[in-house]
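# Observations on the model geometry
Below, each chain spelled out in residue letters.
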Amino acid sequence: MFTTTLPDPCAWGPERQQFIDEITCYTDVLAANGYTCGLSGKWHLGDSITPRHGMSHWFCMPWGACEYNDAEMIRDGKTQVCEGYLTDVITDDALAFIDANKSGPFYLSVHYNAPHSPWTGHPQDIVDSYDDCPFKSCPQEAAHPWFIRSPSWRAHMGNRESLKGYFAAVTAMDAGVGRIIKRLEKLGLRENTLVVFSSDNGFSCGHHGFWGKGNGTFPLNMYDNSVKVPTIFSHPGRIPAGKVTAAMVSQYDFLPTLLEYLDLPGMDDPILPGVSFAPVLYGQTDQADEQVVVFSEYGPVRMIRTPEHKYVHRYPYGPHELYDLQSDSDERNNLIDEKSAQPTVAEMRRRLSDWFARYVMTRLDGARMPVTGYGQAARIDGNFCGEGAFAPLEG
C-alpha cells in the first residue's frame, strides 16, 4: 500500500526540481494564445508547489500518489487537507474552474489519482456493487517468473477485494468525468469543447501473472497491458461519435494534434517526434504512425512496434523480445531466437536505434543506467543521476 510518509524531495521541499523547464509544452502555447490554463490533480513532474507551463490555476497533489480520503493538496503554494474522497475533491475543483472560466477559452487538465493504489478507501456502495462480478477480463494467471514485488503486492493475485477496489476506483472516476461533461452541457459549452480522456500507463490485474504496469516485473516489461492506454476524443458536431480506429498513435503525437485541431501555430522543434493525427479524429483516415516507440522512466528498456510486430530491447545484454502481433496479440510467444525471425529483429532494432539517434538528448539518456522502475527521484543530467530510479526492488 502506498503511504505519504516518504514525500518525494523532487516535488516538495527545498530540493524540489523543475524537470521540464527547458521544454516548451502545449500549455505554454495555449496560454500565449489567450487560453486560461488550469490543473486539478496529479502533476508528478518535479516541483508541485509552483504553477508550471502557463497554468494560472493550480490545485495539485504534492506527490505522485496518495491515500484517497482526506488527502493533502496544494493550493496557492501551501498544502491543505481536503476532507472527503479524493476523486470527488478533484472533480469539485474542476467544476469550480469551469464555472469561473466559462466566458473565455480555457484548458483544464483533470489528473485523477484513480485508479492508482491503494485499492482501499473507495466508496463502499461502489465496492459492494462488484460483489458478484466474475472479473472475466482479469485472469489470475500463474505468477510471472519476473514478478518479484514484495509480499504485499503478491497478495493482490487472486484477491477479489483488490479487484473490487481497483474497479471501484475506476467507476468513481467515471462518475467524476460524467459530472464534468454534465456541467459543460448545463453551461452550453459542450458543443464548443474538446474533451479528451486518456491515461499515462496501462495495468495488469493478474494478466501475464503479475499486478502492476511496466515496473510490475523485473526486468521491466513492455506488454500491451502495461503500455497501451485508452484514448477518447469527443467533440459533438466536429468529431464523428462512436467511431473506433485501429490507427497507431502515441502520446508524443498529442501536442501537434491538439495545436492543429485548435488552428494554433505548430512547433518547429527537431527533438519533437510527434505528428498530428487530426485526420484520424475527423474520420478521414485510419492511418497515422508507421511505428510507435515507448521508453520514458524505464531506462534501459525500450520498445518499438508496428501494426505487425513488437520489439523490446534491454540494454546492454537483454533479454530482448519479438512478438508477431497478428498471430499472437497476447504476446505469449517470444520469437527473438527464431531463425526465420532474424531479418525482422534486425530491421526493428535498426528502426529503434535510428529513432533514438534522431530524438534523444544525450545528457538525459538513461539507456545505460540500471533503472529498477521505481521512478526517477532526481533528474538525469550532468548534475543528477536519478538516484531513486536505482532503489532496490522489494523481493
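Residues numbered from 1 in each chain as written. Predicted model: local features only at pLDDT ≥ 70, side-chain atom pairs only at ≥ 80, totals over all residues. Heavy atoms only, no water.

Let us look at the overall build of the chain. Across its full length, the chain carries nine helices and 13 strands. Along the longest, intermediate and shortest principal axes, the C-alpha atoms of the chain span 65 × 45 × 45 Å. For the chain, the distance from the average position of its 33 positive side-chain charges to the average position of its 49 negative side-chain charges is 1 Å. (Helix = DSSP H or I, 4+ residues; strand = E, 2+ residues; numbered from the N terminus. Lys, Arg positive; Asp, Glu negative; His and termini not counted. Charge placed at Lys NZ, Arg CZ, Asp CG, Glu CD.)

Sheet topology note: the strand S2 (residues 55–60)/strand S3 (residues 69–75) ladder contains two bridges and is antiparallel. Across the sheet, Phe 59 pairs through a bridge with Arg 75, a residue of S3. Bridging between S3 and strand S4 (residues 78–85) involves six bridges; their strand directions are antiparallel. Among the inter-strand pairings, Glu 72 is bridged to a residue of S4, identified as Val 81. Between S3 and S4, which pair antiparallel one after the other, the connecting turn spans two residues, and Asp 76 there sits at a positive phi close to 55°. (Pairing = 2+ DSSP bridges.)

Note that the residue after Ser 117, namely Pro 118, is joined by a cis bond; omega there is 5°. Summarising the element assignment, Pro 118 is placed in the loop between strand S5 (106–111) and helix H3 (124–128). Geometrically, the link from Phe 218 to Pro 219 is a cis peptide bond, its omega value of 5° lying close to zero. The topology assignment puts Pro 219 in the loop between strand S8 (211–212) and helix H6 (224–227). Its identity is not glycine, yet His 44 carries a phi of approximately 60°, on the positive side. Looking at where His 44 falls in the secondary structure, it is placed in the loop between strand S1 (36–41) and S2. His 44 gets classed as partly exposed once you look at its relative accessible area, which sits at 44%. The phi dihedral of Asp 70 is positive, around 55°, even though this residue is not glycine. Examined against the element boundaries, Asp 70 turns out to sit in strand S3. (Buried < 20%, exposed > 50% of the residue type's maximum accessible area, 1.4 Å probe, protein only.)

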